[in-house]
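Structural features, examined
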Amino acid sequence: MATPVVTKTAWKLQEIVAHASNVSSLVLGKGSGRLLATGGDDCRVNLWSINKPNCIMSLTGHTSPVESVRLNTPEELIVAGSQSGSIRVWDLEAAKILRTLMGHKANICSLDFHPYGEFVASGSQDTNIKLWDIRRKGCVFRYRGHSQAVRCLRFSPDGKWLASAADDHTVKLWDLTAGKMMSEFPGHTGPVNVVEFHPNEYLLASGSSDRTIRFWDLEKFQVVSCIEGEPGPVRSVLFNPDGCCLYSGCQDSLRVYGWEPERCFDVVLVNWGKVADLAICNDQLIGVAFSQSNVSSYVVDLTRVTRTGTVAQDPVQDSQLLAQQPPLPSAPLRRIYERPSTACSKPQRVKQNSESERRSPSSEDDRDERESRAEIRNAEDYNEIFQPKNSISRTPPRRSEPFPAPPEDDMATAKEAAKPSPAMDTQFPVPNAEPAIIPATRNEPIGLKASDFLPAVKVSQQTELVDEDAMSQIRKGHDTMCVVLTSRHKNLDTVRAVWTTGNIKTSVDSAVAISDLSVVVDLLNIVNQKASLWKLDLCTTVLPQIEKLLQSKYESYVQTGCTSLKLILQRFLPLITDILAAPPSVGVDISREERLHKCRLCYKQLKSISGLVKSKSGLSGRHGSAFRELHLLMASLD
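The residue count restarts for each chain, going from 1 along the sequence in the order it is written. Under the rules for a predicted model, residues below a pLDDT of 70 receive no local features and side-chain atom pairs below 80 are neither given nor counted, while totals for whole chains, interfaces and linings still include all residues. Note: side-chain values were computed over all heavy atoms of the structure, leaving out hydrogens and water.

**Here's the deal with the overall build of the chain**
Under the DSSP-based scheme used, a helix requires at least four consecutive residues in state H or I and a strand at least two consecutive residues in state E, with every element numbered from the N terminus. From N to C terminus, the chain includes twelve helices and 29 strands. Contacts: residue pairs with any heavy atoms within 4.5 Å of one another. In the chain, once contacts between residues fewer than 6 apart in sequence are set aside, the share between residues at least 24 apart is 55%. As presented, the chain carries roughly 32,600 Å² of accessible surface, and 51% of it is formed by carbon and sulfur atoms. All accessible-area figures derive from a Shrake-Rupley calculation using a 1.4 Å probe, and residue coverage is judged against the displayed protein chains alone.

Here it is in structure tokens:
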């Protein structure tokens, strides 16, 4: 009888390089839990399908880093706010810019779509909250009351209220119909990072940097309970779809809470660091986190998580175990949200006094259309996700399948994966080949066994090794290794002698002339530490060597090649493209002709390397991340 496979409760799904520079914001689509939008310091908004490595669409138009992004519930529209205070709305099905909204005087910190009407709320570093009508391209209302940056905005499920959280330690509730503040919820002792409405009841949850979660009654406008002792600042919370519990994305863990009274149902260890957003689909919780230019996604199987009943012991804080409590009867439900069957009533429109909140005529819309683009990077995924929504389906819509959980025992998985399949046995022999990439740090030489260098010993006799015999065996090949190292040392001395003259280009030329990649790698590791040493004529010499390094089987060579290529792309690719696109000059300009010749040579070499980078961008692990980042940087070459 086969042993049943025990699967994990939480696991890492994938890691991608989302932008050419640092990621500054991201959001999961709450409708499907399968769509991810990221905003970066490269002023782009990129869309991804969870568990797929390639970008679906890249949206351009912003001229400053994208600080906040948000998808509407049907996942047909996306809004992005920038560091300069501008807001842009894109239609994902039409793949074009829909609106540009101007009015904030500082960077956009938070955004949210109205659940029914075509409205967007924005919160800014300028402490103002604005409600925008997407159809009329104008600001409907401006809410004032916070004294510091507004970090989170959420519409109530019925679309009548708007909750805001800010760095001033307060949560405020706004009545959209009356255009005024309904209530203020003090109590937090640190910046409030997130708020979330209960899906059914008049209940609001808020998470703060003071490591507490507070639950607020929206009928009595008072605190219901307070959960303290979170392992770090609370940045992401989410109610279960049926409202039975609240999920809190903590540092490297997911916690499941009840609130009447406050209690912890379960704690799941997830090594996601600082999780940025959560979504639920198919009884799985999807969490995403970002660090620099990388975005990681994680899955928690909610069928194996306790969501009601007795409290759970906390494996993270063993010294502060929550007291065990007997099962508690469910508290009576509060008032239920009344969701309209059609679009909500339009919020009261007020007179606009600020010229910055008005939009110019259609000529500005035409300019936005020219400046903003929606680049479809993966047509197959784009058509699968967005295009079917516009067609009439004669069959029930296809539901996304849950992500398969890996086995609990990673060793068992490795052994199972190591076994050749029957099809493989019949078609191809399994060779004992060396790894495709030889790691830079390893405990033993690749392809060599220490036992091969020692005298053979018969087990039956158990004869003792003589020191002289052992040393003679070990010294086999020692002379050859000494010759190799001596030759390399001599080559480095030659390059160093040229380097001391101060001519970097000549020293690189001498290293290339030696025809030893190890010397080139040693020299590039020095040059890479100081970006100011790089010149355009140096690129013409180094780029052919970089192409060889990227194809090397040694990990250290590949890493050095990726680092050098990244420096060249960041410093010289804009210059190269601008010079090649410039009109020819009048008269004779020798220096310009030389520069043009170097740019053409570099461009030709970069085009040659781009194919190699694209072919390796599908690799997994650290190398795949490096090549995907380079592929994004080289996108302008296509």
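What follows picks up the thread again.
**What about the sheet that holds strand β26 (residues 275-281)?**
The criterion for strand pairing is that DSSP finds at least two bridges linking the strands in question. Reading across the sheet, the four strands line up as β1-β28-β27-β26 and stay open at both edges, with antiparallel pairing between neighbours. Looking at the sheet topology across the chains shown, the edges are occupied by β1 (10-17) and β26. Each strand axis lies, on average, 20 degrees off the axis of its neighbour in the sheet, ignoring direction. Direction of pairing for strand β27 (residues 284-291) relative to strand β28 (residues 294-301): antiparallel, over a ladder of eight bridges. Across the sheet, the residue bridging to Q284 is D301, located in β28. Orientation is described by axes fitted as lines to C-alpha atoms, over the contacting stretch for helices, and by angles from 0 to 180 degrees between their N-to-C directions.

**Quick word on the pattern of salt bridges**
When a carboxyl oxygen of Asp or Glu is within 4 Å of a side-chain nitrogen of Lys or Arg, the pair counts as a salt bridge. Applying the stated rule across the entire model yields eleven salt bridges. Across the pair K30 and D277 runs a salt bridge whose closest N-O atoms are separated by 2.8 Å. One end of the pair, K30, is in the loop between β2 (23-28) and β3 (35-40); the other, D277, is in strand β26, with 247 residues separating them in the sequence. Residue R488 pairs with D522 through a salt bridge whose shortest N-O separation is 2.8 Å.

**Side note on the confidence of the model for the chain**
For the chain, per-residue confidence averages 78 on the pLDDT scale, and residues scoring 70 or more make up 75% of the total. Looking at any residue, its pLDDT shows the predictor's confidence there, from 0 to 100. Within the model, pLDDT remains below 50 along residues 458-462, and this stretch shows one contact once partners closer than five positions in the same chain are excluded.

**What about a nonpolar patch on the surface?**
Here a patch means residues that are over 30% exposed by relative accessible area and free of salt bridges, tied together within 9 Å if like-charged and within 5 Å if nonpolar (Val, Leu, Ile, Met, Phe, Trp, Tyr). A cluster of nonpolar side chains, M481, V484 and L485, forms an exposed patch at the surface whose accessible area comes to about 290 Å². Note that L485 resides in helix α6 (residues 478-499).

**Focus: the sheet that holds strand β10 (residues 108-113)**
On the basis of which strands lie adjacent, the open sheet formed by four strands has the order β10-β11-β12-β13 and antiparallel pairing. Each edge of the sheet is formed by a strand with only one pairing partner; in this case those strands are β10 and β13 (138-143). Direction aside, the axes of adjacent strands within the sheet are offset by 25 degrees on average. Pairing of strand β11 (residues 119-124) with strand β12 (residues 129-133), which is carried by five bridges, proceeds in the antiparallel orientation. If you follow G123 over to β12, its bridge partner there is I129.

**So, the pairing of strand β8 (residues 87-91)**
The buried fraction of β8 is high, at five of five residues. Of the two faces of β8, the one holding I87, V89 and D91 and the one holding R88 and W90 are both buried throughout. Relative to β8, strand β7 (residues 77-82) is paired through five bridges, and the arrangement is antiparallel. Counterpart to G81 in the pairing with β8 is I87. Between β7 and β8, which pair antiparallel in sequence order, lie four residues; one of them, G85, sits at a positive phi of approximately 100 degrees. Both β8 and strand β9 (residues 96-101) contribute to a ladder of five bridges, which runs antiparallel. Within β9, the residue paired with D91 across the bridge is K96. Connecting the antiparallel pair β8 and β9 is a turn made up of four residues, with A95 showing a positive phi of about 55 degrees. With a 1.4 Å probe rolled over the protein chains alone, any residue whose accessible area is under 20% of its type maximum counts as buried; one over 50% counts as exposed, and the rest are partly exposed.

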